[in-house]
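Notes for the structure review
Residue strings, one per chain:
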Amino acid sequence: MKNLNSRRDFIKTSALVTGGMLAPSFLVPGAYAAPDNHLKLAVIGCGGRGTGAVFQAFETGHPIQLVAMADAFQDRLDNSYKAISTKYGAEKVAVTPDTMFVGFEGYKQAIALADVVILAAPPGFRPQHFEEAVKQGKQIFMEKPVATDAVGIRKVLAAAEEAKAKKLNVVVGLQRHYQNNYREVIKRIHNGDLGEITGGQVYWNDGGVWVRERQPGQTEMEYQMRNWYYFNWLCGDHIVEQHVHNIDIANWVKNAYPIKAEGTGGRQIRTGKDHGEIFDHHVLTFTYADGSVIHSECRHFPGAANRVDETFQGTKGKVYLSAGNHGIMTDWKGNSIYTHDRENQPNPYQQEHDELWAALVKGEYKFADAENAAKSTMTSIMGRYATYSGKVLTWDEALNGSVDLFPEELDWDAQPKLLPNADGYYPHAIPGKTQVI
């Protein structure tokens with residue numbers, strides 16, 4: 001596999017195919033739409049994020065109809081359908097019982113009925129769902145992260161190349177790329193306003209997320225699927241599922257991907273049976289080819305100080321960024337270089353859909369987010385490999401890892417690869433002992 005560590009090289013390559021009206025015939029408005037000229041949408045994964053993404057698609061104001069839905073669980077699909085149809089009605093929601101697919105394989109049928117697909121199932125399913133959507137020639141919005149192990153990343157990278165060859169728009173929910181303060185500040189960084197970036201720090205420290213207790217009668221597969229955040233084959237650990245946002249900003253600022261990672265982590269507070277196998281803290285350094293080092297930190301400690309933001313230092317000054325529309329650049333004497341206006345900023349979750357659907361209705365090929373999303377996800381996975389093993393890992397070692405977390409069989413009675421012991425606790429990584437790749 002070609003090792004593309006430079007984000008700059010990726011951007012240059014993408015520019016060759018994203019510069020204008022390069023769409024195939026089925027992207028011409030009207031040629032691929034429903035008889036009433038609506039674009040046909042399918043959602044795969046009907047939890048909160050999938051449902052929210054459908055809302056955001058509809059809020060673009062373009063002629064869109066939801067025609068198919070798929071989820072592993074009937075109740076999740078039903079709840080999503082109720083929320084969407086209640087809010088938007090029959091004009092927007094053309095889903096029927098025959099186009100609501102429940103189970104592990106229904107995504108293929110749902111994708112076949114649509115022009116555009118939203119992929120929002122738990123991240124472990126993203127590689128196979130993305131492969132299928134590209135195979136069927138669909139326009140794609142998919143959530144981050146895009147995989148949970150190196151095996152999945154390689155599948156996504158291959159499908160990303162196929163998507164570019166087919167001129168399929170792919171937008172990924174790393175929404176900071178569609179947020180004005182990040183766009184404006186990073187443009188200035190790339191123009192040299194801070195000189196050479198020599199270091200930085202990225203954080204996602206908060207109190208953690210939901211826990212879904214085991215219910216009577218659940219098979220092990222259903223329990224892990226319901227409590228997906230705590231199992232790496234589904235989630236990738238919070239360094240991948242959440243902290244990928246901040247790590248991706250480091251890669252964007254550096255215009256590159258790191259060449260090695262080292263760090264530590266563990267289970268200090270979140271240690272119960274309901275907490276699966278994931279760590280509650282990770283602390284790392286990512287080293288880039290120019291020798292610069294980015295400090296990466298994420299933790300789930302209830303009651304501790306929260307911090308979700310990014311800072312970087314250059315030879316001419318420093319910058320502070322956050323999802324709260326902060327963008328503050330100063331020189332080393334404290335003089336302002338740029339301060340972003342925080343007022344009246346568009347919602348980046350909505351903005352990514354606004355821009356995608358505007359391109360689709362015009363028949364434009366404009367977005368190729370999948371490769372960068374895969375490489376930033378891989379950066380996060382490399383970080384997990386480093387904290388789990390306690391080893392210094394290179395990019396090539398991590399990307400070529402052969403450990404496949406995905407189950408051998410998808411069935412409610414099939415066993416995932418990770419199982420609890422007799423006391424109900426799951427084995428977890430021990431730095432210095434665990435082999436991860």
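About the criteria used
Residues numbered from 1 in each chain as written. Predicted model: local features only at pLDDT ≥ 70, side-chain atom pairs only at ≥ 80, totals over all residues. Heavy atoms only, no water. Helix = DSSP H or I, 4+ residues; strand = E, 2+ residues; numbered from the N terminus. Rg over C-alpha atoms; globule rule 2.2 N^0.38 Å. Buried < 20%, exposed > 50% of the residue type's maximum accessible area, 1.4 Å probe, protein only. Contact = heavy atoms within 4.5 Å. Areas by Shrake-Rupley, 256 points an atom, 1.4 Å probe, with all protein chains shown as cover. Lys, Arg positive; Asp, Glu negative; His and termini not counted. Charge placed at Lys NZ, Arg CZ, Asp CG, Glu CD. Pairing = 2+ DSSP bridges. Polar contact = N/O pair within 3.5 Å; in protein donor to acceptor, adjacent residues only side chain to side chain. UniProt positions renumbered as here; feature names shortened; annotations may be inferred. Axes fitted to C-alpha atoms, helices over the stretch in contact; angles between N-to-C directions. Salt bridge = Lys/Arg side-chain N within 4 Å of Asp/Glu carboxyl O. Disulfide = S-S within 2.5 Å.

This part is about the overall build of the protein. When its secondary structure is counted, the protein shows 13 helices and 15 strands. Against the compact-globule benchmark of 22 Å for 437 residues, the protein has a radius of gyration of 21 Å, which places it among compact chains. Over its C-alpha atoms, taken along the principal directions, the protein stretches across nearly 60 × 60 × 40 Å. Burial status across the protein gives 57% buried among its 437 residues. In the protein, the share of contacts with a sequence separation of at least 24, taken over all contacts with a separation of at least 6, comes to 74%. For the protein, the exposed surface amounts to about 17,200 Å²; the carbon and sulfur share of it is 50%. Each charge class in the protein can be summarised by its mean position, and for the 45 positive and 51 negative side chains these summaries are 4 Å apart.

Below, the discussion takes up the sheet that holds strand E11 (residues 307-314). One open sheet accounts for 9 strands, arranged E14-E13-E12-E11-E7-E10-E9-E8-E15; its pairing is mixed. Each edge of the open sheet is held by one strand with a lone partner, namely strand E14 (336-339) and strand E15 (393-394). With 7 bridges joining them, strand E8 (residues 260-266) and strand E9 (residues 281-287) adopt antiparallel strand pairing. Within E9, the position partnered with Gly-265 by the bridge is His-282.

So, on to helix H2 (residues 48-58). For H2, a buried count of 8 out of 11 residues is recorded, marking the element as mostly surrounded by other parts of the structure. Turning to H2, its buried residues number three or more, namely Gly-50, Thr-51, Gly-52, Ala-53, Val-54, Gln-56, Ala-57 and Phe-58. Tucked inside the fold, the buried residues of H2 contact strand E1 (39-44), strand E2 (64-71), helix H3 (74-92), strand E4 (116-119), strand E5 (139-142) and helix H11 (348-362).

Take the side chain of Gln-179 next. The residue Gln-179 is located in the loop between strand E6 (170-172) and helix H7 (180-190) in this model. Within the structure, the side chain of Gln-179 is placed 3.0 Å from the side chain of Asn-181, a separation counted as a polar contact.

UniProt annotation of "domain: Gfo/Idh/MocA-like oxidoreductase N-terminal" (unreviewed entry) refers to residues 40-165 when read in the numbering used here. Taken end to end, residues 40-165 is 50% helix and 19% strand, and its two terminal C-alpha atoms sit 22 Å from one another.

Glancing now at the sheet that holds E6. Spatially, the 6 strands line up as an open sheet ordered E3-E2-E1-E4-E5-E6, and their pairing is parallel. With partners counted over all chains shown, the strands left at the sheet margins are strand E3 (100-102) and E6, one partner each. Between one strand axis and the next, the sheet turns by 15 degrees as a mean value, whatever way the strands run. Against the sheet, H3 touches E2 and E3, its axis set at about 175 degrees to E2. In the packing of H11 onto the sheet, contacts are made with E1, E2, E4, E5 and E6, and the angle to E5 comes to roughly 175 degrees.

Take the pattern of salt bridges next. Taken as a whole and assessed by the stated rule, the structure comprises 18 salt bridges. A salt bridge links Lys-144 to Glu-241, with the nearest nitrogen and oxygen atoms 3.1 Å apart. Of the two residues, Lys-144 is situated in the loop between E5 and helix H6 (150-166) and Glu-241 in helix H9 (residues 238-241); the sequence distance between them amounts to 97 residues. For the pair Lys-144 and Glu-241, one class covers both residues: buried. Of the charged contacts in the structure, one is a salt bridge between Glu-297 and Arg-299, with a shortest N-O distance of 3.5 Å. Exposure class is identical for Glu-297 and Arg-299. Each is buried.

Taken from the UniProt record, the annotation "domain: GFO/IDH/MocA-like oxidoreductase" (unreviewed entry) applies to residues 182-319. The span residues 182-319 is 22% helix and 31% strand, and its two end C-alpha atoms sit 11 Å from each other.

Bringing the state of the cysteines into the picture now. Per the counting criterion, the structure on display carries 0 disulfides. Counting only cysteine sulfurs, Cys-235 is the nearest neighbor of Cys-46, a cysteine outside any disulfide, at a range of 19 Å. The closest cysteine sulfur to the non-disulfide-bonded Cys-298 is located on Cys-235, 11 Å from its own sulfur.

Taking burial as the measure, the 8 residues of strand E10 (residues 293-300) include 6 buried ones, the bulk of the element. With 7 bridges connecting them, E9 and E10 associate as antiparallel partners. Paired with Leu-284 across the two strands is Ser-296, which belongs to E10. As consecutive antiparallel partners, E9 and E10 are separated by 5 residues, and within that stretch Gly-291 has a phi angle of approximately 90 degrees, a positive value.

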